[in-house]
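Single-letter residue listing:
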Amino acid sequence: MNLLQTNELTRYFDITRKLRVHAVERVSLSIAENEIVGLVGESGSGKSTLGKTIVGLHHKTSGTVTYRGEELPQKYQSGDFQRLATKMQMIFQDPYSSLNPRMTVGEIVGEGLRLHTKAGAKSIKEQVAEWLAKGGLQADHMSRYPHEFSGGQRQRIGIARALILKPEFVVCDEPISALDVSVQAQVINLLGELKERMGLTLLFIAHDLSMVRYVSDRMAVMYLGSLMEVGKASEVYFDPKHPYTEVLIGSNPEPDPRVERVRVSTSIQGEIPSPVNVPAGCRFASRCPKAMDICKQTTPELTPLKDIDRSIACHLYV
Ligand code: SF4
């Protein structure tokens with residue numbers, strides 16, 4: 001059963017009266033209960049904006065987000081944040097800037113309970129201590145400030161802050177990309193453990209495709225604001241169909257030497273176009289080694305393939 005579904009979800013940012021950033025365009029994606037969907041793509045492809053629009057941190061320019069059958073408001077009012085905070089949360093990329101330096105760790109982790117529940121001070125303190133312990137921190141860390149902690153510890157504090165409200169759905173926005181390699185696995189393992197224990201559903205945004213393959217059930221590939229390919233994570237990784245997915249995976253180093261030995265290495269030519277001037281037709285046409293005449297004229301729709309569980313937006317598959 002789908003927990004969450006976006007239907008043609010679109011988010012534009014108007015910079016001036018004439019300049020508009022097409023950050024997310026007509027994204028339709030469903031996420032089943034207890035599923036981890038990995039969202040990948042280059043920087044500037046709109047992954048974070050999609051995550052923030054789903055949880056209501058950006059309003060929707062058009063399209064819908066449906067959560068357990070309920071269509072969520074186009075623009076959240078304070079009551080919507082109150083009501084939905086216990087259902088949907090977000091873990092942010094940068095544990096250095098996402099924690100308020102003037103608040104103690106106890107205040108940061110307990111803030112959601114104070115704002116969105118009726119829990120009293122004693123109960124909040126107990127729950128904060130419990131969540132710090134789950135992240136390998138101690139109760140006396142409550143009175144300290146974020147700058148007193150390492151990057152990995154700060155991300156655990158960010159995870160505790162998001163999960164203390166016991167949400168069902170969490171957007172993890174590149175939760176390990178700002179961390180040392182040595183602590184990345186610890187944070188991933190903590191998230192995996194909590195996901196199992198709490199029955200969470202995750203949208204896991206990341207750059208590292210091999211990590212996404214490892215943690216996700218399905219993988220969605222985004223380019224210049226639109227989805228290019230969606231399918232089972234390991235099948236997309238080992239048998240990419242869309243030309244963009246092929247070069248994205250081919251340019252991603254593989255940590256497993258057995259896989260690296262047989263991997264076809266490629267590199268992506270050119271730069272991702274500006275989301276202010278989105279090209280007509282297929283968004284990937286200016287960089288695609290397989291582009292045809294039709295590609296620059298007609299936008300391919302994300303379409304399910306007949307024989308395998310995969311959806312592709314490419315004229316090669318129509
Ligand atoms: Fe390449 Fe055309 Fe497919 Fe776009 S639609 S990915 S340009 S072949």
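Above this text sits the structure in question.
Here's a quick rundown of the structure. (Residues numbered from 1 in each chain as written. Predicted model: local features only at pLDDT ≥ 70, side-chain atom pairs only at ≥ 80, totals over all residues. Heavy atoms only, no water.)

**Observations regarding unusual backbone geometry**
Cut-off, in case you're wondering: Helix numbering and strand numbering both begin at the N terminus, where a helix is a DSSP run of H or I of at least 4 residues and a strand a DSSP run of E of at least 2.
A positive phi angle, near 50°, is found at R26, a position not held by glycine. Locating R26 in the fold gives a position in strand β2 (residues 20–32).

**With respect to the sheet that holds strand β6 (residues 88–91)**
For the record, the criterion: Think of it this way: DSSP has to see at least two bridges between two strands before they count as a pair. Residue contacts follow a heavy-atom distance rule, with two residues in contact if any of their heavy atoms lie within 4.5 Å. Comment: axis = line fitted to C-alpha atoms, over the contacting stretch for helices; angle = value between 0 and 180 degrees taken between N-to-C directions.
One open sheet accounts for eight strands, arranged β6-β7-β8-β3-β9-β10-β12-β11; its pairing is mixed. Only two strands of the sheet have a single neighbouring strand rather than two, namely β6 and β11 (303–304). Of the pairings in the sheet, the one linking strand β3 (residues 36–40) to strand β9 (residues 218–223) comprises four bridges and is parallel in character. Residue V37 lies in a different strand from β9, and its bridge partner there is R218. Relative to the sheet, helix α1 (residues 47–54) contacts β3, β6, β7 (169–173), β8 (201–205) and β9, its axis offset from that of β8 by approximately 155°. Together, β6 and β7 form the strand contacts of helix α5 (residues 151–163), whose direction differs from that of β6 by roughly 175°.

**Focus: the site of the ligand**
The following threshold applies: Near is defined per residue: the residue qualifies when any heavy atom it owns lies within 4 Å of the molecule or strand. Throughout, the protein atoms alone are placed on a 1 Å grid, and a set of points is a cavity if a 1.4 Å probe fits but cannot get out or a pocket if it is open with protein on both sides within 12 Å along at least five of seven lines; lining residues have an atom within 4 Å of a point. Should more than half of a molecule's atoms lie within 2 Å of a pocket's or cavity's grid points, that molecule is taken to sit in it. Three categories are distinguished: nonpolar for Ala, Val, Leu, Ile, Met, Phe, Trp, Tyr, Cys and Pro, charged for Asp, Glu, Lys and Arg, and polar for the others, with Gly belonging to the last.
Around the ligand, the neighbouring residues are H242, P243, C282, A285, C288, K290, A291, C295, P300, C314, H315 and L316. Among the cavities detected, the one that contains the ligand is the largest cavity. Along the lines of polarity and charge, the residues of the shell around the ligand split into nine nonpolar, two polar and one charged.

**Re the sheet that holds strand β5 (residues 70–71)**
On the basis of which strands lie adjacent, the open sheet formed by four strands has the order β2-β1-β4-β5 and antiparallel pairing. Only two strands of the sheet have a single partner each, and these edge strands are β2 and β5. Judged from the five bridges that link them, strand β1 (residues 2–14) and strand β4 (residues 62–67) form a sheet pairing that is antiparallel. Bridge pairing in β4 places T10 opposite S62. Running at roughly 115° to β1, α1 makes contact with β1, β2 and β4 of the sheet.

**Observations regarding the pairing of β6**
If a strand is regular, its side chains alternate between the two faces of the sheet. Stated formally: Working definition: with a 1.4 Å probe on protein chains only, accessible area under 20% of the residue-type maximum means buried, over 50% means exposed, and in between means partly exposed.
On β6, burial covers both faces: M88 and M90 on one face and Q89 and I91 on the other are all buried. As defined by bridge partners, β6 adjoins β7 across four bridges and the pair is classed as parallel. Counted as the bridge partner of M90 is V171 from β7.

**Regarding the packing of aromatic side chains**
What counts is decided by this rule: Two aromatic rings from Phe, Tyr or Trp, using only the six-membered ring of Trp, form a pair when their centres are within 6.5 Å; if the ring planes differ by under 30 degrees the pair is stacked, by over 60 it is edge-to-face, and anything between is tilted. Charge-over-ring contacts are defined here by two conditions on Lys NZ or Arg CZ: a distance within 6 Å of the ring centre and an angle within 35 degrees of the ring normal.
Following the criterion strictly, the structure yields five aromatic pairs and no others. Taking 5.1 Å as the distance between ring centres and 65° as the angle between the ring planes, the aromatic pair formed by Y244 and F284 counts as edge-to-face. Of the two residues, Y244 sits in helix α9 (residues 243–250) while F284 sits in the loop between α10 (257–262) and β11, which places them 40 residues apart along the sequence. Take Y244: its relative accessible area is 0%, and that puts it in the buried class. Taking the relative accessible area as the measure of exposure, F284 reaches 0% and is therefore buried. Feature note: the residues Y223, Y244 and F284 constitute an aromatic cluster, connected by ring pairs. Positioned above the aromatic ring of W131 is the side chain of K134, whose terminal nitrogen or guanidinium carbon lies 4.0 Å from the ring centre. Sitting above the plane of the Y237 ring, R213 keeps its charged end 4.8 Å from the centroid.

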